[in-house]
Amino acid sequence: MTKDIGYNINQVLQRIQSAAQSSGRNSSDVTLVGVTKMVDYDAARACYQAGIVDLGENRVQELNYKIPYIPQARWHLIGRLQTNKVKDIVGKVCLIHSVDSWHLAAEIDKRYSRAGLQAAVLIQVNISGEQQKAGINPAEVETFLDSIGQLSSIQVKGLMTIAPEVRNTEETRPIFRELYHFKTTIAKKTLKNVNMEFLSMGMSQDFDIAIEEGSNMVRIGSAIFSTGD
Ligand SMILES: *Cc1c(COP(=O)(O)O)cnc(C)c1O
């Protein structure tokens, strides 16, 4: 298992490198978040020890279970965050990828403010417009970011999206391209507590394409942890 993880990580890193190169960038511009949701702490630790210091979980309970085993990692919350769980992650994660409502943003602000901390967050955008997908409608993002300025304990660090599952991964390319353009447009505006440092897009099935289209943060689980049996 551990041996597979090392091998898989090398494969992923090579693919990141060639995708970065083909978009004229350096692979060091791309942060690889190892998504450990489908494995236990020993595999997650093997991933960390193989050099992947950014680890991501999509559930608060699982995150809190694993953090004590690998406290040195930079933990990311990548999945949908329920308002009543915000209190359980305050100060524990380096980045919350999935802010998708004002209600959630206000709760994060309240809890972090009480703790005297700043929350680094990404805004999840539903670029494909799928009804069942989480994320803010692109048309509403700018107004949303404007209001975030009122929340002094939140720092927006960029945008995140989850592409729809498709047969042919090329179908995701226009979605990634659109979000990149969107990010570039927002980056030109001056919005309080907002910068566009990170564009979190790309998972195991589509990270090459996401990087080619401008992603600088990919969230990868199965390509690292599946053992091929
Ligand atoms: C599970 C998950 C990932 C990783 O998915 P893989 O296809 O296993 O790479 C990335 N982002 C989010 C939000 C996830 O829930």
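The preceding data block contains the structure.
Since we're looking at a predicted model, the values are computed, not measured.

The rules behind these values
- Residues numbered from 1 in each chain as written.
- Predicted model: local features only at pLDDT ≥ 70, side-chain atom pairs only at ≥ 80, totals over all residues.
- Heavy atoms only, no water.
- Salt bridge = Lys/Arg side-chain N within 4 Å of Asp/Glu carboxyl O.
- Helix = DSSP H or I, 4+ residues; strand = E, 2+ residues; numbered from the N terminus.
- Buried < 20%, exposed > 50% of the residue type's maximum accessible area, 1.4 Å probe, protein only.
- Near = heavy atom within 4 Å.
- Polar contact = N/O pair within 3.5 Å; in protein donor to acceptor, adjacent residues only side chain to side chain.
- Areas by Shrake-Rupley, 256 points an atom, 1.4 Å probe, with all protein chains shown as cover.
- Pairing = 2+ DSSP bridges.
- Right-handed = clockwise from strand over helix to strand, strands pointing away.
- Contact = heavy atoms within 4.5 Å.

Examining the pattern of salt bridges
Applying the stated criterion across every chain, the model contains 12 salt bridges. In this structure, the salt-bridge partner of Glu142 is Lys189, at a minimum N-O distance of 3.5 Å. Residue Glu142 is found in helix α5 (residues 138-148), and its partner Lys189 is found in the loop between α6 (173-187) and β7 (194-200); the two are separated by 47 residues along the sequence. When its relative accessible area of 35% is taken as the criterion, Glu142 is described as partly exposed.

Here we look at unusual backbone geometry
The backbone of Asn193 shows a phi angle near 65 degrees, a positive value even though the residue is not glycine. Relative to the assigned elements, Asn193 resides in the loop between α6 and β7. Asn193 sits in the buried class, given a relative accessible area of 18%.

Some remarks on the site of the ligand
Around the ligand, a shell composed of Val35, Lys37, Met38, Asn58, Ile78, Ile162, Met203, Ser204, Arg219, Ile220, Gly221 and Ser222 is seen. A distance of 2.9 Å separates a nitrogen atom of the ligand from a polar atom in the side chain of Arg219. At 2.8 Å, a backbone N or O of Gly221 approaches an oxygen atom of the ligand. Coverage of the ligand by the protein chains reaches 88% of its 380 Å² of free accessible surface.

Details of the pairing of strand β3 (residues 74-77)
As paired elements, strand β2 (residues 54-57) and β3 share 4 bridges and run parallel to each other. Looking at the pairing, Asp54 lines up with Arg74 of β3. Taking the sense of rotation as the criterion, the β-α-β connection linking β2, helix α3 (residues 60-66) and β3 turns out right-handed. Where β3 lies against strand β4 (residues 95-99), 2 bridges are found, and the strand directions are parallel. Each bridged residue has a counterpart across the sheet, and for His76 the counterpart in β4 is Leu95.

Some details on the side chain of Thr172
Positionally, Thr172 belongs in the loop between β6 (154-160) and α6. The class of Thr172 is buried, set by a relative accessible area of 0%. Only 2.5 Å separates the side chain of Thr172 from the backbone oxygen of Thr169, close enough to count as a polar contact.

With respect to the side chain of Lys66
Along the chain, Lys66 turns up in helix α3. At 2.8 Å, the side chain of Lys66 and the backbone oxygen of Thr36 are in polar contact. At 2.8 Å, the side chain of Lys66 and the backbone oxygen of Val39 are in polar contact. In this structure, Lys66 is in contact with Thr36, Lys37, Val39, Asp40, Tyr41, Ala44, Glu57 and Trp75, ignoring residues within four places of it in sequence.

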